[in-house]
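Architecture at a glance
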Amino acid sequence: MQRCSRCILVDSVPGISFCENGVCNYCVQYENSFRNWDQIKEKKKKDFEKLIESARKLKRNYDCLVPLSGGKDSTYVLYLCSKEYNLRCLAVTFDNGYMSDRAKENINRGLEATHTDHFVFKMDRKSTAELFGTFIKKTGGFCNACMRSINFTIETAAKRFSIPLIIKGSGKRVQYVSQIPGITNSNSSYFFKRVISQSKIKDRFSEIGSEKIGVEFYKISYLLRISRTFLMRYFPQSIGVYDYIYKPYNEIMEIIQDEVGWKRPEDTHEHFDCLLHSIPFYRDTLKIGGITPRTFHNCGLIRQGLMSREEALRNDEEYFRSHNQKPDELEILLHDLKMKQDEFTQFIRFSDPGKFVPRFERLAKKFYRKVYYKK
Ligand SMILES: [Zn+2]
């Protein structure tokens, strides 16, 4: 088994290759993208400010939309936009019925501290379970169903309120898995529609898969270098805050704890806002040998200089030594899905989500990866 000499990724990870010094392509990619960050960071901040000024000038009801999950990143965006830049924000939340109490608490704190209006689409757990059940059976995962529902909620609110700018708590730098093929699949409406077609939930959830302007559109306009300040007059523009303003996560946590009374999760996982958060990480371990639920995340931290390689290795070793690797929440999900554990494992191991991605989207993604990640 070969292991990257910089992070701790192993050769079983899809799409991985190693250079002559034993460094993996994901580390090289990161290095290439952010080597000159110190030189461009002032310019990036100015770009961000230019975008929000253009949005403000349009004098719509809201200057920007902030997707709010109660997690640290979305709370930080809300704080940054409303407190530091005085933008009129609309916070938007999709609640899949599995939202943790801590996340709900944090959402309320964030809203109260910033005096922000809130748009919510809440699905009943039973509906979510039906949707997730279909996705697990067909694609071996359920996160894309949720991601699509989040995007649907965002797009709906942005359209109804003519909001020019969507500012997400994300960014290339903190996307630990999105560049790894087979780990994250499409969140597009086309993918969603194709998965639920020929199933009994097809009509019930058709609206969620009906968005005409898909995520790919944003990417294409980015690649064509059409100015976002121009486009936002006609189509809401979606950006990830960390592509413009980057701070390490520990600093972010300190800011929001002090400024909006945000409370950190009991465990250290990032997406604690959903009760099911640990299941997709566990799912990855069933699909790829030699990794743990923390491996990708820790590798991201190593690249950002926030964790040592030794600590990440220790973390993985501890996991492999432990006997109970199955997250407790899996019982909750399987109960709601009326699915047996071995059925679940079979679906994860043997389903092929790739077949639901339309050809044009696959090509667009390939092209996009090439330009965006210079891969
Ligand atoms: Zn690496």
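In this report, we go over the structure that sits alongside the text. Small disclaimer: the values here were computed from a predicted structure and weren't measured.

Once that is clear, we can look at the coordination of the zinc ion. Here the zinc ion is held by Cys4 (SG), Cys7 (SG), Cys24 (SG) and Cys27 (SG), and the distances to it run 2.3 Å. Donor residues for the zinc ion, ordered by position in the chain, follow C-x2-C-x16-C-x2-C. Residue Cys7 is located in the segment before helix H1 (25–34), and its partner Cys27 is located in helix H1; the two are separated by 20 residues in the primary sequence. Judged on exposure class, the residue Cys7 and its partner Cys27 are both buried.

The subject of this paragraph is the side chain of Arg173. With respect to the helices and strands, Arg173 occurs in the loop between strand E4 (165–168) and helix H7 (189–196). Although Arg173 is buried, it forms no salt bridge, and the closest oppositely charged side chain is Asp38 at an N-O distance of 6.9 Å. A polar contact is formed between the side chain of Arg173 and the side chain of Tyr30, at a distance of 3.0 Å.

Time to look at the sheet that holds E4. Backbone hydrogen bonds hold the strands of a sheet together, and the pairing may be parallel or antiparallel. Read across the open sheet, the five strands follow the order E3-E2-E1-E4-E5; overall the sheet is parallel. Across the chains shown, the open sheet's two edge strands, defined by having one partner strand only, are strand E3 (117–122) and strand E5 (237–240). Each adjacent strand pair in this sheet contributes to an overall mean axis angle of 25°, direction not counted. This element, helix H2 (residues 37–57), spans E4 and E5 of the sheet and lies at about 140° to E4.

Time to look at the pairing of strand E2 (residues 89–95). Counting buried residues in E2 gives seven out of seven residues, a clear majority hidden from the surface. Side chains Cys89, Ala91, Thr93 and Asp95 project from E2 onto one buried face, and the interleaved Leu90, Val92 and Phe94 project onto a second face that is buried too. As defined by bridge partners, strand E1 (residues 64–67) adjoins E2 across four bridges and the pair is classed as parallel. When the bridges of E2 are listed, Pro67 appears paired with Val92. Looking at chain direction, E2 and E3 are connected through six bridges and run parallel. What sits directly across from Ala91, in E3, is His118. In this region the chain leaves E2, passes through helix H4 (residues 101–114) and returns to the parallel neighbour E3; the handedness of that crossover is right-handed.

With that settled, consider the pairing of E5. Where burial is concerned, the two faces of E5 agree: the one with Gln237 and Ile239 and the one with Ser238 and Gly240 are both buried. Judged from the four bridges that link them, E4 and E5 form a sheet pairing that is parallel. In the strand pairing of E5, Ile167 is matched with Ile239.

Within helix H11 (residues 278–287), eight of the 10 residues are buried, which leaves it mostly tucked inside the rest of the structure. When H11 is considered as a whole, its buried residues turn out to be Ser278, Ile279, Pro280, Tyr282, Arg283, Asp284, Thr285 and Leu286. Close packing links the buried residues of H11 with helix H6 (143–160), helix H12 (295–303), helix H13 (309–321), helix H14 (329–337) and helix H15 (341–350).

This next bit is on the packing of aromatic side chains. Within this structure, the stated rule accounts for 17 aromatic pairs. Measuring from ring centre to ring centre gives 5.6 Å for Tyr62 and Phe161, while their planes differ by 80°; the resulting arrangement is edge-to-face. Highlighted residues: Tyr62 in the loop between H2 and E1 and Phe161 in the loop between H6 and E4, separated in sequence by 99 residues. Accessibility expressed as a relative area gives 13% for Tyr62, which makes it buried. Phe161 sits in the partly exposed class, given a relative accessible area of 29%. Pairing Tyr76 with Tyr242 gives two aromatic rings, centres 6.4 Å apart and planes at 10°, and the pair type is stacked. Within this pair, whereas Tyr76 is found in helix H3 (residues 72–84), its partner Tyr242 is found in the loop between E5 and helix H10 (249–260), the two being separated by 166 residues in sequence. There is no split in this pair, since Tyr76 and Tyr242 are both buried. Of the aromatic side chains, those joined through ring pairs into one cluster are Phe135, Phe191, Phe192 and Phe356. Over the ring of Phe34 we find Arg173; its NZ or CZ atom is 4.8 Å from the centre of that ring. Above the plane of the ring of Tyr246 lies Arg173, whose end atom (NZ or CZ) is 3.9 Å from the centre.

On to a nonpolar patch on the surface. Residues Leu224, Ile226, Phe230 and Tyr234 make up a contiguous nonpolar surface patch of about 420 Å² in total accessible area. For Phe230, the position within the fold is in helix H9 (residues 228–231).

Non-glycine residue Asn86 carries a positive phi angle of around 50°. Along the chain, Asn86 turns up in the loop between H3 and E2. A positive phi angle, near 55°, is found at His115, a position not held by glycine. Summarising the element assignment, His115 is placed in the loop between H4 and E3. A relative accessible area of 72% means that His115 is categorised as exposed.

Reading guide: rules and limits
- Residues numbered from 1 in each chain as written.
- Predicted model: local features only at pLDDT ≥ 70, side-chain atom pairs only at ≥ 80, totals over all residues.
- Heavy atoms only, no water.
- Donors = N, O, S within 2.8 Å, 3.2 Å for Na, K, Ca; no water.
- Helix = DSSP H or I, 4+ residues; strand = E, 2+ residues; numbered from the N terminus.
- Buried < 20%, exposed > 50% of the residue type's maximum accessible area, 1.4 Å probe, protein only.
- Lys, Arg positive; Asp, Glu negative; His and termini not counted.
- Salt bridge = Lys/Arg side-chain N within 4 Å of Asp/Glu carboxyl O.
- Polar contact = N/O pair within 3.5 Å; in protein donor to acceptor, adjacent residues only side chain to side chain.
- Pairing = 2+ DSSP bridges.
- Axes fitted to C-alpha atoms, helices over the stretch in contact; angles between N-to-C directions.
- Contact = heavy atoms within 4.5 Å.
- Right-handed = clockwise from strand over helix to strand, strands pointing away.
- Phe/Tyr/Trp six-rings, centres within 6.5 Å; stacked < 30°, edge-to-face > 60°.
- Lys NZ or Arg CZ within 6 Å of the ring centre and 35° of its normal.
- Patch = residues over 30% accessible without salt bridge, like charges linked within 9 Å, V, L, I, M, F, W, Y side chains within 5 Å.
- Areas by Shrake-Rupley, 256 points an atom, 1.4 Å probe, with all protein chains shown as cover.

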